[in-house]
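# An overview of the molecular structure
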Amino acid sequence: MKRIGFLIEKIAEMENLRLAFWKTKRAAASGSIPQGCPSVNTESFLTELRDEILTANVNVGNYYYFKIYDPKERLICAASFRERVLHHAIMNVCHQFFEKFQINDSYATRTGKGQYAALNRVKQWIVQEAYPAMSIPNSVTLQHNNLPCNLYFLKLDVRKYFDSINHRILFEKLSRKFKDPYLLKLFWEIINSYSVTELRGVPIGNLTSQYFGNFYLAHLDHYIEELSSSVKYVRYMDDMVFIHKNKSVLLDIYKKVEAYCREKLDLQLKAPVLNSIDRGIPFLGYVLFSNNVRLNKSSKKRFIMKAENYGKQLSNGLWSQKEYARHVEPLVAFTRFANTVELRRKVFTEFKQRKPA
C-alpha cells in the first residue's frame, strides 16, 4: 500500500482553516454540540492554530461530557471549539484518503450514504437474492412474505464498539496509510487524549472518531469481500448484515469474522442472530421484511414515549408550537420509513383527546 505524505502543510493552509472554522461554527450554531463559538479574533485564532499544527504541538483532550438517551444511555464526549476546528481542518484534507479505503456497501458517516441508504440496500439484497432472474426496482415491494426460496441472514455487531477500539492497532493502521510524521503525531495525540480503559476507546461525538471508527472496520470489510463474493454484505459502522441462501455458509462466515475481529482488531462481537429472512432482519432500529418494514420494539416504545413527552411540553406551555414542531418532525420522519401510519394516528389522536381545551 502506497503511503500518503506532505499533508500537514495543506491542513495548515489558512484557506483550509477558515473552512474548518466555518464548519465548526455552523455546527455549534445548530445546537448539535453544547459548546458554542467563543468570542475570538478569527484571523489571530487561526494563525495561532496554524503555527501549532505545523509543529504538531496542538493542545488536545479538553473535553466536555454529557449524556444522551437515544435509544440508550450514551456518554458523549465533545471536544472544545478549538479542537473541533482542528478535526475539521484535518479531515477536510484527509477525507478523500479515508473514503477511498471504504467499500461500496459501508454506509455510516459517508456523503451520499447514511442510515436509510443502508436499509434500502438490505431490502434490495432480499429481493435480488430471492428473485435473481427478475428486475424489480427498489421502490417496488413484494406482495407476500413467502419467498420462492430459502433465504437467511446473519446479523452481527461489536460489543461497545467505540469504547473497545485499540489505540495501538488503530495507530498502526493509520501509519500504513499515512507517512507524514507530524500528521501521525497529531493522530496519536488525538487518539491517546481519551480512553475508557488503558489504550482503548475513542470518544463518541468527535468528528475524528467517526472517521477512525469507519476506517478501523474497513479492514474487516476487505477481508469479508475476500471470503466470498456470493454473500451479500452491508455495514453501518459496527452493525453488519449478511444474506445468503445457505445457512451453513453464513455460519462459516460468522466463525471467520469473529476470529478476525478477536485476533486482528481486538474486538468482541455480540451474540450473532442467524435466522430465516421471513422472521425479519433487525437493523438500525427497524425490522425488515420482503414486503414490510416495522419499527423494532425499542424504537416503537421510544417513539411513543417521546411523542407523549413533547405533547406535555406543548400543553404545559413550556414549548411554543414552533418549538414543538422542531422536535416532532424528525421523530415522525424516523417512523415514516416503517409502516407506522396507524401507530402515528393512534399516538397523536390520543394526545389531542387529552389536550386541555
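Residues numbered from 1 in each chain as written. Predicted model: local features only at pLDDT ≥ 70, side-chain atom pairs only at ≥ 80, totals over all residues. Heavy atoms only, no water.

## Considerations on the overall build of the protein chain
Regarding its fold elements, the protein chain presents 13 helices and 9 strands. When burial is assessed residue by residue, the protein chain has 49% of its 357 residues classed as buried. As displayed, the protein chain offers around 18500 Å² of accessible surface, 50% of which is attributable to carbon and sulfur atoms. (Helix = DSSP H or I, 4+ residues; strand = E, 2+ residues; numbered from the N terminus. Buried < 20%, exposed > 50% of the residue type's maximum accessible area, 1.4 Å probe, protein only. Areas by Shrake-Rupley, 256 points an atom, 1.4 Å probe, with all protein chains shown as cover.)

## Re the pattern of salt bridges
Per the stated rule, a full pass over the model turns up 17 salt bridges. Salt-bridge contacts for Arg18 lead to Glu43; the nearest nitrogen and oxygen are separated by 3.1 Å. Remark: Glu43 occurs in helix α3 (residues 42-54) and Arg18 occurs in helix α2 (residues 14-29); sequence separation between them is 25 residues. Using a relative accessible area of 40% as the deciding quantity, one classes Arg18 as partly exposed. Take Glu43: its relative accessible area is 35%, and that puts it in the partly exposed class. (Salt bridge = Lys/Arg side-chain N within 4 Å of Asp/Glu carboxyl O.)

## A word on the sheet that holds strand β9 (residues 293-295)
Backbone hydrogen bonds are what pair the strands of a sheet, in a parallel or an antiparallel way. With respect to topology, 3 strands assemble into an open sheet ordered β7-β8-β9, the strand pairing being antiparallel. Among the strands making up the open sheet, the edge pair consists of β7 (281-283) and β9. Averaged over all pairs of adjacent strands, the angle between their axes in this sheet comes to 30°, without regard to strand direction. Most of the contacts of helix α5 (residues 115-130) go to strand β8 (residues 286-288), to which it runs at about 20°, and overall it touches β7, β8 and β9. (Pairing = 2+ DSSP bridges. Axes fitted to C-alpha atoms, helices over the stretch in contact; angles between N-to-C directions. Contact = heavy atoms within 4.5 Å.)

## Remarks on the packing of aromatic side chains
Tallied over the entire structure, the rule returns 22 aromatic pairs. Taken together, a centroid distance of 6.2 Å and an interplanar angle of 85° make the contact between Tyr63 and Tyr194 edge-to-face. Of the two residues, Tyr63 is situated in strand β1 (residues 63-69) and Tyr194 in the loop between α8 (181-191) and α9 (207-227); the sequence distance between them amounts to 131 residues. Here Tyr194 falls in the buried class, since its relative accessible area comes to 10%. Residues Phe171 and Trp188 carry aromatic rings whose centres are separated by 5.3 Å and whose planes lie at 65° to one another, so their mutual orientation is edge-to-face. (Phe/Tyr/Trp six-rings, centres within 6.5 Å; stacked < 30°, edge-to-face > 60°.)

## Quick notes on the confidence of the model for the protein chain
With 88% of its residues at a pLDDT of 70 or more, the protein chain has an overall mean of 88. The low-confidence segment residues 139-144, where pLDDT is below 50, has 10 contacts with residues more than four positions distant or belonging to other chains. (pLDDT = per-residue confidence, 0-100.)

## Brief notes about the pairing of strand β5 (residues 239-244)
Along β5, 6 of the 6 residues are buried, which leaves the element largely enclosed by surrounding structure. Covered by surrounding structure in β5 are Asp239, Val241 and Ile243 together with Met240, Phe242 and His244, the residues of both alternating faces. Bridge count for strand β3 (residues 152-157) against β5 is 6 bridges, and the pairing is antiparallel. Paired with Leu156 across the strands is Met240, a residue of β5. Here strand β4 (residues 232-236) folds back onto β5, and the loop between the two strands holds 2 residues, one of which, Met237, carries a positive phi near 55°.

## Some words on the nonpolar core
Core analysis: the largest hydrophobic core is formed by 72 residues, its most contacted members being Ile53, Ile90, Cys94, Phe98, Phe178, Phe187 and Phe242. Top element by residues in this core is helix α4 (residues 81-100). It accounts for 10 residues. (Core = buried A, V, L, I, M, F, W, Y, C linked by side-chain atoms within 4.5 Å.)

## Looking at the packing of α4 against α9
The interhelical angle for the contact between α4 and α9, taken along N-to-C directions, is 20°, at an axis separation of 10 Å. Our classification of the angle between α4 and α9 gives roughly parallel. Relative to α9, α4 is oriented so that their crossing is left-handed. On α9, the residues that touch His87, His88, Met91, His95 and Phe98 of α4 are Leu207, Thr208, Tyr211, Phe212 and Phe215. A breakdown of the residues in the contact of α4 with α9 according to their chemical character gives 6 nonpolar, 4 polar and no charged. (Parallel < 35°, antiparallel > 145°, perpendicular 65-115°, else oblique. Left-handed = near helix turned anticlockwise from the far one by under 90°. Nonpolar A, V, L, I, M, F, W, Y, C, P; charged D, E, K, R; others polar.)

## Quick notes on the packing of helix α7 (residues 167-177) against α9
Put simply, α7 and α9 touch, their axes get as near as 10 Å, and they point 80° apart. When the interaxial angle is binned, α7 and α9 end up roughly perpendicular. Of α9, the residues touching α7 (which contributes Ile169, Leu170, Lys173, Leu174 and Lys177) are Phe212, Phe215, Tyr216 and His219. For the contact of α7 with α9, a count of residues per class yields 6 nonpolar, 1 polar and 2 charged.

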